[in-house]
Amino acid sequence: MIAEIKDISKVISNKEILKNISFEIGKGEVIALVGPNGAGKTTLLNTLTYLSSFNKGTILFEGMDKQKSPEIIFKNVSYMQDASILYKELNGMDHLRFTAKINGKSKKDIESVIKKLDIGEYVNKSVSKYSLGMKQHLLLSLSLLTSPKLLIMDEPLNGLDPTNSVKLRNLILDLKKEGTSILLSSHILSEVDKVADRVLFMNKGEIISTTEIKKDDAPMANRYIIKVDDNKKVLKALNNYKLKLINSNSFEIEISELNFNNVIECLLNNKVKILDINKTKIGTELIYNNLYGEVL
């Protein structure tokens, strides 16, 4: 167990901002914090990294109380915040050298993280000339420079195009394989499904639900409701698939996008007339909608 968070509460101006937050983080586990704006996600992350105080509760890192031994947080936990912490007048290398110096890291460590994040092309440019995506990569490189046991990330996918989102996803999965524990907040639920082992849903300063993300080698499934002219022909055409009949001419099927075309082809080959198709994502987005009644 890397970290144990027990009954954390925080009060500001007589208002309870965090309410008895409790959860554990295992070695090599990826946990996602999900919730609407104002749910308390960033406040919780700031509290866990000693940037904000709390009124009640205990935070243990590898069994040690962070309040009694704050140095263990400094040495073993990295926090990737937003770009507001960067100095526009400095370049990326300036940031890396400063972080390396206060953490006892070498020039070789800097070169390694530059290569890992592929930021060599612009690391010597002024941060004022960085795009939002470039800033995100620099922030992540600063976080990884210390080789943390626990990496905390506040909205790491902000500003990333699809290509860089995929790169970050793969990096998170690689870090997990290496044994790094990760706690991240995100509103991009499709990516949460791909990287997280567990999702904590927050609202109004408390965890209102927790769910495990099913991990297997199959692509993420979708739920399709398909309206046809005759379900009898459907049962014959799709006898190898698990179906749920809704009525005489509609059925529901859960299947990956990769295999969906095969289903359609089977229906058409068996002369089934398709009248309508509705698709619903299965996973964190569906749970989010059920909990909050809206899409992020």
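Here the structure is a predicted model, which is why all the values come from computation and not from measurement.

**A word on the overall build of the protein**
- Counting its regular elements, the protein contains 10 helices and 14 strands.
- C-alpha extents for the protein along the principal axes are approximately 70 × 50 × 30 Å.
- Classification of the 296 residues of the protein by burial places 47% in the buried group.
- Expressed as a percentage of contacts within the protein between residues at least 6 apart in sequence, the contacts between residues at least 24 apart total 67%.
- By element, 48% of the accessible surface of the protein is carried by carbon and sulfur atoms, the whole surface being about 15,800 Å².
- Between the mean site of the 42 positive side-chain charges and the mean site of the 36 negative ones, the protein shows a separation of 1 Å.

**What to know about the pattern of salt bridges**
- This structure, assessed with the given rule, holds 10 salt bridges.
- For glutamate 62, the salt bridge goes to lysine 149, with nearest N and O atoms at 3.3 Å. Residue glutamate 62 is found in the loop between β4 (56–61) and β5 (64–65), and its partner lysine 149 is found in the loop between α5 (132–144) and β7 (150–154); the two are separated by 87 residues along the sequence.
- For glutamate 62, a relative accessible area of 40% corresponds to the partly exposed category.
- Taking relative accessible area as the criterion, lysine 149 reaches 36% and is therefore assigned partly exposed.
- For glutamate 191, the salt bridge is made with arginine 169, and the minimal N-O distance between the two is 2.9 Å. With glutamate 191 in helix α7 (residues 189–195) and arginine 169 in helix α6 (residues 162–177), this residue pair connects regions lying 22 residues apart in the sequence. For the pair shown, glutamate 191 and arginine 169 are each scored as buried.
- Each of Arg169, Glu191 and Lys194 takes part in one network of salt bridges that share partners.

**Some details on the pairing of strand β3 (residues 30–34)**
- In terms of burial, β3 is a largely internal element, 5 of the 5 residues being buried.
- Residues of β3 alternate between two faces, with Val30, Ala32 and Val34 on one and Ile31 and Leu33 on the opposite face, all of them buried.
- In this structure, β3 lies alongside strand β8 (residues 181–185), joined through 4 bridges in parallel fashion. By the bridge assignment for β8, alanine 32 is matched with leucine 184.
- Bridge analysis of β3 against strand β9 (residues 198–203) gives 4 bridges, and the strand direction is parallel. Considered in β9, the bridge of isoleucine 31 is made with arginine 198.

Scoring rules and cut-offs
Residues numbered from 1 in each chain as written. Predicted model: local features only at pLDDT ≥ 70, side-chain atom pairs only at ≥ 80, totals over all residues. Heavy atoms only, no water. Helix = DSSP H or I, 4+ residues; strand = E, 2+ residues; numbered from the N terminus. Buried < 20%, exposed > 50% of the residue type's maximum accessible area, 1.4 Å probe, protein only. Contact = heavy atoms within 4.5 Å. Areas by Shrake-Rupley, 256 points an atom, 1.4 Å probe, with all protein chains shown as cover. Lys, Arg positive; Asp, Glu negative; His and termini not counted. Charge placed at Lys NZ, Arg CZ, Asp CG, Glu CD. Salt bridge = Lys/Arg side-chain N within 4 Å of Asp/Glu carboxyl O. Pairing = 2+ DSSP bridges.

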